[in-house]
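Fold and contact review
Read off the chains here:
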Amino acid sequence: QGNDTAENGLIVSHFGVAVEVLFETGERRMVKVKRNSGHVVGDQVTVVGEVLHRRARRTELSRRDARGGIHLVAANLDVLGVVLAPGTPSGFLDRAVVAARAAGLSPFVVLNKCDLPESEELGAMIGSVYGAILPLFTLSAVTGAGIEPLRDFLRQGHRGAFVGTTGVGKSSLMNALCPELNLKVGELSDYNWTGRHTTTVSSLHALPGGGELVDTPGFRDFGLVDITVSELAAWFPGFEALKDHRCRFNDCRHRREPGCAVRDEVGSGGISEERYQTYLVLLGEVEALEEAAQRRN
Ligand code: GDP
Ligand code: ZN
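Described in the following lines is the structure provided in the data block.

1. What to know about the coordination of the zinc ion (ligand 2)
- The protein atoms that coordinate the zinc ion (ligand 2) are Cys-247 (SG), Cys-252 (SG), His-254 (ND1) and Cys-260 (SG), at distances spanning 2.1 to 2.4 Å.
- Of note, the zinc ion (ligand 2) draws all its donor residues from one chain, in the sequence arrangement C-x4-C-x1-H-x5-C. You'll find His-254 and Cys-260 in the same group, each marked buried.

2. Topic: the environment of Glu-273
- In this structure, Glu-273 sits in helix 9 (residues 273–296).
- Owing to a relative accessible area of 44%, Glu-273 belongs among the partly exposed residues under this scheme.
- Distance in space between the C-alpha atoms of Glu-273 and Arg-263 is 9.5 Å, their sequence separation being 10 residues.
- Polar side-chain contacts of Glu-273 include one of 2.6 Å to the side chain of Gln-277.

3. Remarks on the packing of aromatic side chains
- One pass over the full model with this rule turns up eight aromatic pairs.
- Consider the rings of Phe-137 and Phe-153, whose centres lie 5.2 Å apart with planes at 50°: the pair is tilted. With Phe-137 in strand 10 (residues 136–138) and Phe-153 in helix 3 (residues 147–155), the pair connects residues that are 16 residues apart, well separated along the chain. Of the two residues examined, Phe-137 and Phe-153, each falls in the buried class.
- Consider the rings of Phe-236 and Tyr-279, whose centres lie 5.4 Å apart with planes at 75°: the pair is edge-to-face. Of this pair, Phe-236 sits in the loop between helix 6 (229–235) and helix 7 (240–245) while Tyr-279 sits in helix 9, placing them 43 residues apart in sequence.

4. What about the packing of helix 3 against helix 4 (residues 170–177)?
- With their axes 11 Å apart at the nearest point, helix 3 and helix 4 run at an angle of 70° to one another. In this view, helix 3 runs roughly perpendicular relative to helix 4, as classed from their interaxial angle. Only Leu-173, Ala-176 and Leu-177 of helix 4 make contact with helix 3, whose side of the interface consists of Ile-147, Leu-150, Arg-151 and Leu-154.
- Among the residues forming the contact of helix 3 with helix 4, the class breakdown is six nonpolar, no polar and one charged.

5. A word on the site of ligand 1
- Every one of the 15 residues lining ligand 1 counts as a neighbour, but Asp-115, Gly-167, Lys-170, Ser-171 and Ser-172 are closest to it.
- Between ligand 1 and Ser-171 there is a distance of 2.5 Å, counted from an oxygen atom to a side-chain nitrogen or oxygen.
- Counted by class, the shell around ligand 1 contains four nonpolar, eight polar and three charged residues.

Cut-offs used in this document
Residues numbered from 1 in each chain as written. Chains lettered and ligands numbered in written order. Predicted model: local features only at pLDDT ≥ 70, side-chain atom pairs only at ≥ 80, totals over all residues. Heavy atoms only, no water. Donors = N, O, S within 2.8 Å, 3.2 Å for Na, K, Ca; no water. Buried < 20%, exposed > 50% of the residue type's maximum accessible area, 1.4 Å probe, protein only. Helix = DSSP H or I, 4+ residues; strand = E, 2+ residues; numbered from the N terminus. Polar contact = N/O pair within 3.5 Å; in protein donor to acceptor, adjacent residues only side chain to side chain. Phe/Tyr/Trp six-rings, centres within 6.5 Å; stacked < 30°, edge-to-face > 60°. Axes fitted to C-alpha atoms, helices over the stretch in contact; angles between N-to-C directions. Parallel < 35°, antiparallel > 145°, perpendicular 65-115°, else oblique. Contact = heavy atoms within 4.5 Å. Nonpolar A, V, L, I, M, F, W, Y, C, P; charged D, E, K, R; others polar. Near = heavy atom within 4 Å.

Dropping the structure here:
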């Protein structure tokens, strides 16, 4: 029996005690894993018999739990859609963009619920601040308005996921983009590996016209792992060009340094005071992480 032949595949679902692997042949099969084996959806694996060998990852997306613990959510994603709707807390988008870039993913913005009149004000603000920096899709997951450009974007071979606070419409958007999703979720949660009922931790869905989406249940907050102050200063949306060309000091933290182009922009209204305060909060977090790392060494 050719049980020890090596087969290459992709982890498309994770059930805690087993993963579903989509092989290059097109076959799908469940493979047992130990709990906390470290495999996640999006991992490229080589399966030999019952043993999974994980290949090197291109990107890693992590979430942070209520206690500050960091958990890997998905591997090898290309893009991260930050979903906003009226009422999204200010600062969420900037934080998410920094986290996405830190994880090696290209962020884009989805402004959902454009059918609601109260989304107009948010839309105008997002358009003027982020329109030139990030891909922006204004749409309604419920009416379907504006969804086609997002489909086209994902179709360009992108593998992505959505993040956003509870109630912004992530599930509605996933269902609108993957029509087979409801059915599939039902099928998968009935899968019985050990005689116990297992629930899907996370799954990768191929979109009808191309592209792939990973659903990320319970993803609320980001782990800003392994990020340095200079990376934060380079990745905060709108600071990119300013930092390289205009601050007096190369390693400017944009806090109290003289000749700081970011603070000039805040003074002249080019960057809002609110967004600058978000930056300072993130800066404080990253500095605390750096100090903790130094104490350990
Ligand atoms: P999630 O928590 O981010 O997954 O959000 P849901 O997809 O569960 O949606 C939360 C609520 O917002 C539900 O009542 C949806 O019907 C509603 N909703 C989602 N998308 C839209 C939209 O485009 N327009 C309007 N008006 N409501 C929406
Ligand atoms: Zn500066």
